[in-house]
Amino acid sequence: MHTDTERCVRAVRSKDARFDGVFFTAVLTTRIYCRPSCPVVPPKAENMVFHPSAASCQRAGFRACKRCRPDTSPGSPEWNVRADAVARAMRLIQDGIVDREGVPGLAARLGYSTRQIERQLLAELGAGPLALARAQRAQTARLLIETTPMPMAEIAFAAGFSSIRTFNDTVREVFALAPGELRTRAQRSPAGRSAAASDAPRTPGVIALRLPYRSPLNPSNLFGHLAATAVPGVEEWRDGAYRRTLALPHGHGIVALSPRADHIACRLSLTDPRDLTLAISRCRWMLDLDADPVAVDEQLRTDPLLAPLVDRAPGRRVPRTVDAAEFAVRAVLGQQVSTAAARTHAARLVTAYGVPVEDPEGGLTHLFPTPDSLAGLDPDSLALPRSRRTTLLTLVRALADGSLSLGPATDWEEARVRLLALPGFGPWTTEVIAMRALGDPDAFLPGDLGVRRAAGGLGLPSTTAALTARAARWRPWRAYAVQYLWATDSHPINHLPV
């Protein structure tokens, strides 16, 4: 969109928050870049240039506006919709691959040379992978500086910087303030005082953050689904928050996520602060916080039979997962059984093969077992039909030996082909993994019992072929249409726990 100058100017003049994170406005006279919704008086059109990313603005020598804080806007929803190399690269960068494995690691996961990846990202985003990763580190650093009492040295390494000097130089360059000045300014602001008051009392070792999103957000099916399907020991709903354990590159963590009117309250406890950026990214991914609900709902409202569901409770998100391999295992365990039975099967695996963790604040006891730990399990120990034991063992062994890869770099269509080739994998299991583990917004479950029941009640076709044909008008948002259809049921997944 950033190449459509006229449309961008209109969005800036109307202060349209729907475009925050979609493009950025750089002002030539002040050398500052802003969100489209920045509250200041818009500059003259001839003084505005538009960029596709904060990294592109920073690379061009612009610094972040101190008023609208464009670096903290929700991520671009474009990376949720697309499955090409650039979109997959962006998802990997957000997942911290460049910080952990460098640009060669990013390129290897995508199957391209480093030169090809750099050329594609520069052409589309105005910045290469190193600049994009640097912008993400700067955003994490600012978040920690302004919302936590962590010492600056700890923040530097938690945000992914290799040295304190690089951290100081980057913060000054991007925000035109030293780290200490950034913290002082935040503490003096009304928002900073309000945030500090709302977070008190603080728990030692716990980092409290706010995760922004585009409004509206309907938390009922999002948190209801996560809580109703929670695996005992790995997940729980406690004191108004969804809590779960996280397996991370340098250790493990525990996160608590609570819905608020204008943000998601996030409390993180990590064994190694270097995992902070990745933990935040995975929480945002799980809650689908970078979605564009206005665009989704506008498309779904074009169907007169679906429109009343959207109007009644707009802003539904797709509940995802923090680990695609974990969800694939759970999808197999949930084949043709109730939610309660699927939780029981998963809990047995967790107790037998999961890594124990300590949780001083609640009842979390384990990390979900990895494919490597499950690859050698005894099939006779599984209280499952023989065919499903075969399906589960084939899946975990394929994940463990790398013949099946599920994650941010995965090509959605290729993953479907590989999953369908496994014994016991049909369209339902494959599509639910594509929807909730891989994040394909167009994944669709026409054969799902709940979807068919809801469709029949609305007057939509209830047969698989006819419903698939009708759903063509919902594309590319059929996964969101499934959430609206599921919400017509009284199942616990559709209700925010009390």
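This text goes with the structure placed above it.
Residues numbered from 1 in each chain as written. Predicted model: local features only at pLDDT ≥ 70, side-chain atom pairs only at ≥ 80, totals over all residues. Heavy atoms only, no water.

## Observations regarding the overall build of the chain
A count of helices and strands for the chain gives 24 helices and nine strands. Here the chain has a C-alpha radius of gyration of 23 Å; the compact-globule value for 498 residues is 23 Å, and the two agree. In terms of overall dimensions, the chain has a C-alpha envelope of 70 × 50 × 50 Å along the principal axes. Sorting the 498 residues of the chain into buried and exposed places 55% on the buried side. (Helix = DSSP H or I, 4+ residues; strand = E, 2+ residues; numbered from the N terminus. Rg over C-alpha atoms; globule rule 2.2 N^0.38 Å. Buried < 20%, exposed > 50% of the residue type's maximum accessible area, 1.4 Å probe, protein only.)

## Topic: the packing of aromatic side chains
In total, this model carries seven aromatic pairs according to the counting rule given. Above the plane of the ring of W285 lies R320, whose end atom (NZ or CZ) is 3.9 Å from the centre. (Phe/Tyr/Trp six-rings, centres within 6.5 Å; stacked < 30°, edge-to-face > 60°. Lys NZ or Arg CZ within 6 Å of the ring centre and 35° of its normal.)

## Here's the deal with the side chain of Q136
Along the chain, the position of Q136 falls in helix α7 (residues 129–147). Classification of Q136 by relative accessible area gives buried; the value is 16%. When neighbours within four sequence positions are excluded, Q136 is seen to be in contact with I93, Q94, G96 and T277. (Contact = heavy atoms within 4.5 Å.)

## Quick look at the nonpolar core
By size, the foremost hydrophobic cluster in this structure holds 62 residues, and its most contacted members are L300, V329, L392, L395, L406, I433 and W474. Ranked by the residues each element gives to this core, the list is headed by helix α16 (residues 324–333), at eight residues. For L300, the residues in contact, after removing those within four places along its chain, are L306, A307, V310, W474, W477, Y480, A481 and Y484. Core analysis: the next-biggest nonpolar cluster, separate from the first, contains 50 residues, C57, A138, L177 and Y242 among them. (Core = buried A, V, L, I, M, F, W, Y, C linked by side-chain atoms within 4.5 Å.)

## Description of the sheet that holds strand β1 (residues 24–27)
Strand pairing in a sheet is mediated by backbone hydrogen bonds. Such pairs are either parallel or antiparallel. Pairing in this open sheet of four strands is mixed, and the strands run β3-β1-β2-β4 from one edge to the other. Pairing within the sheet leaves two strands with one partner each, and these edge strands are β3 (48–51) and β4 (63–64). Where strand β2 (residues 32–34) meets β4, two bridges bridge the pair, whose relative direction is parallel. By the bridge assignment for β4, Y33 is matched with A64. (Pairing = 2+ DSSP bridges.)

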